[in-house]
Amino acid sequence: MREFRYEKAIDPAGAVALLTGEPEGAYLGGGTNLVDLMRLGVATPDVLVDVRQLTSTEVEDLPDGGLRIGAAVPNADLAAEPRVRERYPLLAQALLAGASGQLRNRATTGGNLLQRTRCTYFTDTTMPCNKRDAGSGCGAVEGLHRNLAVLGATHEGPTSPHTCIATHPSDMVVALRALDASVRVLGADGERTVPIAELHRLPGDDPARDTTLAHGELITAIDVPALPWATRSRYRKVRDRASYAFALVSVAAALDLDGSTVRDVRIALGGVAHKPWRATVAEDALRGGPATEAAFAAAAEAELAAAAPLADNAFKVPMATNMITRTLVQLAEARA
Amino acid sequence: MTATTERAVGSDVRRIDGPAKVRGLAPYAYEHEVDGSAVFVALVQSTVAKGRITSIDVSAAQAVPGVLAVLTHEDAPRLGDVAEELLVLQSDRVQYAGQPVAVVVAETSEVARDAVGRVVVRYDAQRPDVDLRADRDDLYPPEKLMGGFETDSVIGDVDAALAAAPVSVDVTYETPNEHNNPIEMHATVARWDGDVLRMWDANQGPHNLVPVITEAFGITADQLHITSPYVGGAFGSKAFTHVHQLIAGMAAKVTGRTVKVELTRQQMFSLVGHRTPTIQRLRLGALPDGTMTAISHEVVEHTSQNAEFAEQTATATRLMYAAPARRTTHRLAKLDVPAPTIMRAPGEAPGMYALESAVDELAEALGMDPVELRLRNEPERDPERDVPWSTRNLVACLRQGAERFGWADRDPRPGVRADGRWLVGTGVAASTYPTRRRPSQARIEAVPGKPFVVSIDASDIGTGAWTALTQIAADALGVPMDDVDLRIGDSRLPKASGAGGSTGITSWGPAIIAAAQELRDREVPPGGLTVTGSSGPGDEAEQYSSHAFGAHFAEVRVDRDSGEVRVPRMTAVFAAGRIINPTTARSQFLGGMTMGLSMALHEEAVLDATHGHYANHDLAEYHVATNADVGEVDISWVDEVDELHNPLGAKGIGEVGIVGSAAAIGNAYAHATGRRVRDLPLTPDKFFR
Ligand SMILES: Cc1cc2nc3c(=O)[nH]c(=O)nc-3n(C[C@H](O)[C@H](O)[C@H](O)COP(=O)(O)OP(=O)(O)OC[C@H]3O[C@@H](n4cnc5c(N)ncnc54)[C@H](O)[C@@H]3O)c2cc1C
Ligand code: SF4
């Protein structure tokens, strides 16, 4: 573990200025991911800029009926927030499906967005990993990858500097992806808004980068736009044990029906890709069509047609197909 | 004969160590010597699994302020003639991933960890071989199995009997590498007081460590003092000496300071052993009425380059059911892995998973109820040793369990019940665990007007031994429990066996009773009186076959969309001799059953074929059951007192709870889904094969 300095700023702009001048520094939220990675030697910041008391811990109403969630809102508080539970059940359910009570008390919204993969080669500094140590290869493709990506991964063999089949582990972010949230970011040049679709990236040929944020950019809040029909939504997480495990596959979905026709639908998947995976193929196939189990299953299969699994994670393809189908069936039934 | 007055024994006494534990007043190993005098050890571990160290550069680590010493194989103290797996820092050879190759001692644990990252080790590495397969051409029979059991056993012409059997099954089961994960990580505090090595250590019995540590450091037993009154779980991983204890002694010697070593959770995956994976071929033959005619159980498992650990996986098969033709075999593959060790019910837990699953498959092939099939094949005497049982009440366990669980109206057809999207099934399996006693001595000091001081180097690893032994002593002395001042967990106390093999109560209890009897025949003079007693295995071991038995029933639900498995209820009935304390006994059974559920559904340490390390070496990735995984658990026992075995009439209860529980769940899974998964654990992915 590297020795580090601990800093606090007076305001968000001060934090940005501080970190922008520290190329090896990092923001500290609840620390539930970052501190673990520091203890393991995976993250080696020389300065920590604590932003938990700088960014907002409030959930505010937006004029359109949406919500603005301060970056420092604890996961536990966000899950319990009445407006979240009412307007976006899938978001509250996703938060409650994550980690444990103690961790949710400590973890922040901003930190949750930027938590890093749980790939065991990433968290072990003695192993090859392109994400941690660019160009060192990928230990997972020929090793333990049962819970890694089946969609959008880069697989050019274990020694290629591009290979990475990591998944993004957050549950919350899957719900936010289905809701088309956007992330408010403060940088040295001022504020900008990043659609959540553009925050996380696929590994492409640069697996070391999880997101499109530049060094020093601070997440200040997340805006969730109004989506009145999201009151009929669900988050379903499949995991290895009944509680306290990362998703093998998860589905965040909302369904808007016009009689027995799908007027609109949102589907995002967790546990299958380097970023929360919006199932646009399935959504397009369903919109305007019948809300039947057969149609849901066909759309799910179409979405997963692009999957390129390895031997040990091939189960995720039928699992994800089933979970999309079942979640939509449940939502359709719930409406009736 | 019984020496007890039966007042405290059998009553529901709460743990006497409970209040101290919940208040944080019960000191665990690492919590000794907190006056600031101690220095800290951190380990540099090999990043390769096989090869030689070509160079180690410790200069940068040594230069870190606060670093007191960096030990490597080039300069570490030489150890005596101990087992190869314990020869830490003695040569340039690397035999498993994670092997300690250097040790840093520093004023703070932070500095020690920092310096670890600055040690540069170069290796001449080879690709490790960690692949256990039944078709390897280098499998070999060990000379003996652990516990002194014969490697193979054959009675009759098994192949002919199998060929002639009207109904038979031929199935292969696999169990994975599993790791003990007690809450308390392995820890040792060590200091040399002149030529006396003083240790505070987390173990399953200080006397277990004495032979190895004295040999390693060339000292006599008088020069070693190990204290371990409280231990935060062990399950076998703290039974034997491991390298960290020797490292503590070496580091203390080199620095002349009190040193603290605590393994990290990750380090526990390579440094304190694991349960070997197994591949088990089961062949059973039977007549159409269910009478078994042949039983064959062939086991393949692994051991390490630096140790021969031969787990007795099929020994329970030698006694469970009657059949004229029978065979068990054990073969080992020597792989580039850390040395395996014992884990709750070594042998029986994986072996009975396979046997009891195969019996279920035989019942299905016969179209017979699996409880009925077991009753049909109940042996009159131990079928291989040909001696009578001291007590055997498996039949009663099966019958009572079936009754409590509501087995009678079970539809035997697999894969036909559903509750919404859940596929629902039920399963049964039997359990057994040997009853043994080991040599132990106890001392009682009587001073008029004071509590009796009862001393024995017994060990409480969370089992309730503090309480149960106090109960036994109180009855043996004919006094209330408050008049007993028990002392355990110290190598300077009378030598006793370690906490392992479910032998604690049957070994320590009779020693205490023997000492108390010495006292009863004598007048206590005003100045006090000290008596000793001892006990150990007698003729009963030859004359009888002695085992605890049990029956497990489980309901399993499998989500037909996700493959997730839930166990909403388990029932178990045990026949485990006299129950000393129903509360602590229930905890032991419950803990065993939960660990069996965890084995069935979750636990698997994955060996990386390229690098030879356990890839999922932490509790985020190596899953053990959470509270949410455990449903309703119904535990009871039949009245049984086995005085043919020991004067308490007790049997061990620490391990029988895990044995068979995974099979009951696996059988229920097959009954729910109509498909057999023959390799544990039953994770959701396997539903999609
Ligand atoms: C045992 C365990 C189990 C878990 N299980 C789950 C699970 O099932 N599902 C799940 O979703 N999660 C799970 N988690 C992860 C948990 O949700 C995350 O650790 C947590 O959300 C991270 O939040 P934090 O505030 O502690 O982030 P930190 O650890 O403080 O930070 C994480 C990252 O975000 C950066 N950062 C923090 N705040 C900001 C900001 N405002 N702007 C820019 N960058 C910032 C940090 O620099 C760091 O890189 C688990 C964690 C553990 C330890
Ligand atoms: S999958 Fe990605 S994170 Fe995992 S080892 Fe490969 S490169 Fe590293």
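Keep in mind that what you see is a predicted model, and the values were worked out from it rather than measured.

1. Details of the overall build of chain B
Right, on to step 1. On a plain count of helices and strands, chain B comes out with 15 helices and 24 strands.
Right, on to step 2. For 689 residues, the compact-globule estimate of 2.2 N^0.38 gives 26 Å, and the C-alpha radius of gyration of chain B, at 26 Å, lies within 12% of that figure.
Right, on to step 3. Once the C-alpha set of chain B is aligned to its principal axes, its extents read approximately 75 × 70 × 50 Å.
Right, on to step 4. Split into buried and exposed, the 689 residues of chain B put 64% on the buried side.
Right, on to step 5. A separation threshold of at least 6 residues defines the contact pool for chain B, and within that pool the share at least 24 residues apart is 81%.
Right, on to step 6. For chain B, the exposed surface amounts to about 23900 Å²; the carbon and sulfur share of it is 49%.

2. Concerning the overall build of chain A
Right, on to step 1. A tally of helices and strands in chain A yields twelve helices and twelve strands.
Right, on to step 2. What you see for chain A is a C-alpha radius of gyration of 20 Å, in line with the 20 Å of a compact globule of 336 residues.
Right, on to step 3. Per-residue burial over chain A gives 60% buried out of 336 residues.
Right, on to step 4. Here the contacts in chain A between residues at least 6 apart in sequence split such that 62% fall between residues at least 24 apart.
Right, on to step 5. Carbon and sulfur atoms make up 50% of the accessible area of chain A, which amounts to about 12800 Å² in all.
Right, on to step 6. Positive and negative side-chain charges of chain A, numbering 35 and 40 respectively, have mean locations separated by a distance of 5 Å.

3. Notes on the interface of chain A and chain B
Frequently, the measure chosen for interface size is the accessible area removed from exposure when the parts meet.
Right, on to step 1. In this complex, chain A contributes 31 residues to the contact, which on the side of chain B involves 32 residues.
Right, on to step 2. In total, chain A and chain B occlude about 2600 Å² of area from one another, counting both sides; carbon and sulfur atoms represent 55% of this.
Right, on to step 3. In this structure, the connection of chain A to chain B is made through four salt bridges.
Right, on to step 4. Glu564 of chain B is paired through a salt bridge with Arg236 of chain A; the nearest N and O atoms lie 2.7 Å apart.
Right, on to step 5. Here chain A is connected to chain B by ten residue pairs in polar contact (both at pLDDT 80 or more).
Right, on to step 6. Counting only elements with at least two residues in the side of chain A that touches chain B, the list comes to strand E9 (233-238) and helix H12 (316-335) of chain A.
Right, on to step 7. For the side of chain A that touches chain B, the leading source of residues is H12 of chain A, giving five residues.

4. Considering the site of ligand 1
Residues and elements named next belong to chain A.
Right, on to step 1. In the neighbourhood of ligand 1, 32 residues make up the surrounding shell, with Tyr27, Gly30, Gly31, Thr32 and Thr108 lying closest.
Right, on to step 2. Between ligand 1 and Gly29 there is a distance of 2.8 Å, counted from an oxygen atom to a backbone nitrogen or oxygen.
Right, on to step 3. Thr32 is positioned with one of its side-chain polar atoms (N or O) 2.7 Å from an oxygen atom of ligand 1.
Right, on to step 4. When residues of the shell around ligand 1 are traced back to their parent elements, those giving at least two are strand E2 (26-28), helix H2 (34-39), helix H7 (109-113) and strand E8 (218-224).
Right, on to step 5. Ranked by residue count, the leading element in the shell around ligand 1 is H7, at three residues.
Right, on to step 6. Per-class residue counts for the shell around ligand 1 are 14 nonpolar, 13 polar and five charged.
Right, on to step 7. Composition of the shell around ligand 1 by domain shows at least three residues from each of domain 1 (5-50) and domain 2 (231-333).

5. Here we look at the site of ligand 2
Right, on to step 1. With respect to spatial proximity, 14 residues lie near ligand 2, and among them Cys119, Cys129, Cys138, Cys164 and Ile165 of chain A are the closest.
Right, on to step 2. Taken together, the residues that form the shell around ligand 2 break down as ten nonpolar, three polar and one charged.

6. Quick notes on the UniProt feature "domain: FAD-binding PCMH-type" (unreviewed entry) in chain A
Right, on to step 1. The UniProt feature table records "domain: FAD-binding PCMH-type" (unreviewed entry) at residues 1-229 of chain A.
Right, on to step 2. Taken end to end, residues 1-229 of chain A has its terminal C-alpha atoms 48 Å apart, with 25% of it in helix and 16% in strand.

7. Looking at the sheet that holds strand E16 (residues 418-419) of chain B
Strands belonging to one sheet form pairs held by backbone hydrogen bonds; the direction of such a pair is parallel or antiparallel.
Residues and elements named next belong to chain B.
Right, on to step 1. The strand order E16-E17-E22-E23-E24 describes an open sheet built from five strands, whose pairing is mixed. What marks the edges here is a single partner per strand, and that holds for E16 and strand E24 (632-637).
Right, on to step 2. Against the sheet, helix H14 (residues 582-601) contacts strand E22 (547-559), strand E23 (565-575) and E24, and its axis sits at roughly 130 degrees relative to E24.
Right, on to step 3. Across the sheet, helix H15 (residues 661-673) touches strand E17 (422-434), E22 and E23, and the angle it forms with E17 is around 155 degrees.

8. Quick look at the domain arrangement of chain A
Right, on to step 1. Domain annotation for chain A reports domain 1 (5-50) and domain 2 (231-333).
Right, on to step 2. Here the C-alpha centre of domain 2 of chain A lies 36 Å away from the C-alpha centre of domain 1 of chain A.

9. Considerations on the environment of Tyr30 of chain B
Right, on to step 1. Along the chain, Tyr30 of chain B turns up in the loop between helix H1 (18-22) and strand E1 (39-45).
Right, on to step 2. Linking Tyr30 of chain B and Ala102 of chain B, residues 72 residues apart in sequence, is a C-alpha distance of 22 Å.

10. Here we look at a nonpolar patch on the surface
All names here are of chain A.
Right, on to step 1. Taken together, the side chains of Met1, Phe4 and Tyr6 make up a nonpolar region of the molecular surface, amounting to roughly 290 Å² of accessible area.
Right, on to step 2. On the secondary structure map, Phe4 appears in the segment before strand E1 (5-8).
Right, on to step 3. In this structure Phe4 comes out as partly exposed when scored by relative accessible area, which is 35%.

11. Digging into the pattern of salt bridges
Right, on to step 1. A full pass over the atoms with the stated rule returns 74 salt bridges over all chains.
Right, on to step 2. A salt bridge links Arg68 of chain A to Asp223 of chain A; the nearest nitrogen and oxygen atoms lie 2.8 Å apart. Remark: Asp223 of chain A occurs in strand E8 and Arg68 of chain A occurs in strand E5 (residues 67-70); sequence separation between them is 155 residues.
Right, on to step 3. For Arg146 of chain A, the salt bridge is made with Asp685 of chain B, and the minimal N-O distance between the two is 3.1 Å.

12. Comments concerning the UniProt feature "domain: Aldehyde oxidase/xanthine dehydrogenase a/b hammerhead" (unreviewed entry) in chain B
Right, on to step 1. Mapped onto the present numbering, the UniProt feature "domain: Aldehyde oxidase/xanthine dehydrogenase a/b hammerhead" (unreviewed entry) falls on residues 23-127 of chain B.
Right, on to step 2. Taken end to end, residues 23-127 of chain B is 11% helix and 33% strand, and its first and last C-alpha atoms sit 50 Å apart.

13. Quick notes on the pairing of strand E7 (residues 190-195) of chain A
Residue and element names in this part refer to chain A.
Right, on to step 1. Where strand E6 (residues 182-187) lies against E7, six bridges are found, and the strand directions are antiparallel. In the strand pairing of E7, Arg184 is matched with Thr193.
Right, on to step 2. Between E6 and E7, which pair antiparallel and follow one another directly, the connecting turn spans two residues.

14. Structural notes on the domain arrangement of chain B
All names here are of chain B.
Right, on to step 1. What the domain assignment lists for chain B is domain 1 (18-28 + 438-536), domain 2 (32-126 + 182-234 + 238-271) and domain 3 (146-178 + 274-435 + 543-688).
Right, on to step 2. In this structure, domain 2 and domain 3 have C-alpha centres spaced 37 Å apart.
Right, on to step 3. Taken residue by residue, the interface counts 14 residues in domain 2 and 18 residues in domain 3.
Right, on to step 4. Buried area between domain 2 and domain 3, summed over both chains or domains, comes out near 1400 Å², and the portion from carbon and sulfur atoms is 65%.
Right, on to step 5. Among the residues of domain 2 in contact with domain 3, Glu85, Gln95 and Phe269 are the three that bury the most area, contributing 40% of the side total.
Right, on to step 6. For the pair domain 2 and domain 3, the interface holds one salt bridge.
Right, on to step 7. For Lys50, the salt bridge goes to Asp336, with nearest N and O atoms at 3.9 Å.

15. Regarding the packing of helix H8 (residues 348-366) of chain B against H15 of chain B
Residue and element names in this part refer to chain B.
Right, on to step 1. As a packed pair, H8 and H15 sit with axes 8 Å apart at the nearest point and diverge in direction by 35 degrees. The chirality of how H8 crosses H15 is right-handed. Facing H8, whose interface residues are Met352, Tyr353, Glu356, Ser357 and Asp360, H15 presents Ala662, Ala663 and Asn667.

16. Some thoughts on the packing of aromatic side chains
All names here are of chain B.
Right, on to step 1. As enumerated under the stated definition, the model contains twelve aromatic pairs over all chains in all.
Right, on to step 2. A ring pair is formed by Tyr173 and Tyr353, whose centres lie 5.6 Å apart and whose planes are at 80 degrees; its orientation type is edge-to-face. With Tyr173 in strand E8 (residues 167-175) and Tyr353 in helix H8, this pair connects stretches of sequence that are 180 residues apart. Of the two residues examined, Tyr173 and Tyr353, each falls in the buried class.
Right, on to step 3. Aromatic pair Phe589 and Trp637: ring centres 5.7 Å apart, planes at 45 degrees, arrangement tilted. Pair noted here: Phe589 is in helix H14 and Trp637 is in strand E24, with a separation of 48 residues, a long-range link.
Right, on to step 4. Taking relative accessible area as the criterion, Trp637 reaches 27% and is therefore assigned partly exposed.
Right, on to step 5. Through a chain of ring-to-ring contacts, three or more aromatic side chains come together here, namely Tyr28, Tyr230 and Trp466.
Right, on to step 6. Residue placement shows Arg569 over the ring face of Phe405; its charged tip is 3.9 Å from the ring centre.

17. Section: the packing of H14 of chain B against H15 of chain B
All names here are of chain B.
Right, on to step 1. Contact geometry for H14 and H15: axes closest at 7 Å, N-to-C directions at 50 degrees. Taken together, the axes of H14 and H15 lie oblique to each other. The handedness of the crossing between H14 and H15 is right-handed. Contacts between H14 and H15 pair Gly592, Met593, Gly596, Leu597, Met599, Ala600 and Leu601 from the former with Ser661, Ala662 and Ile665 from the latter.

So, how was this worked out
Residues numbered from 1 in each chain as written. Chains lettered and ligands numbered in written order. Predicted model: local features only at pLDDT ≥ 70, side-chain atom pairs only at ≥ 80, totals over all residues. Heavy atoms only, no water. Helix = DSSP H or I, 4+ residues; strand = E, 2+ residues; numbered from the N terminus. Rg over C-alpha atoms; globule rule 2.2 N^0.38 Å. Buried < 20%, exposed > 50% of the residue type's maximum accessible area, 1.4 Å probe, protein only. Contact = heavy atoms within 4.5 Å. Areas by Shrake-Rupley, 256 points an atom, 1.4 Å probe, with all protein chains shown as cover. Lys, Arg positive; Asp, Glu negative; His and termini not counted. Charge placed at Lys NZ, Arg CZ, Asp CG, Glu CD. Buried area = accessible area lost by both parts, 1.4 Å probe. Salt bridge = Lys/Arg side-chain N within 4 Å of Asp/Glu carboxyl O. Polar contact = N/O pair within 3.5 Å; in protein donor to acceptor, adjacent residues only side chain to side chain. Near = heavy atom within 4 Å. Nonpolar A, V, L, I, M, F, W, Y, C, P; charged D, E, K, R; others polar. Domains from an automatic or database assignment. UniProt positions renumbered as here; feature names shortened; annotations may be inferred. Pairing = 2+ DSSP bridges. Axes fitted to C-alpha atoms, helices over the stretch in contact; angles between N-to-C directions. Patch = residues over 30% accessible without salt bridge, like charges linked within 9 Å, V, L, I, M, F, W, Y side chains within 5 Å. Left-handed = near helix turned anticlockwise from the far one by under 90°. Phe/Tyr/Trp six-rings, centres within 6.5 Å; stacked < 30°, edge-to-face > 60°. Lys NZ or Arg CZ within 6 Å of the ring centre and 35° of its normal. Parallel < 35°, antiparallel > 145°, perpendicular 65-115°, else oblique.

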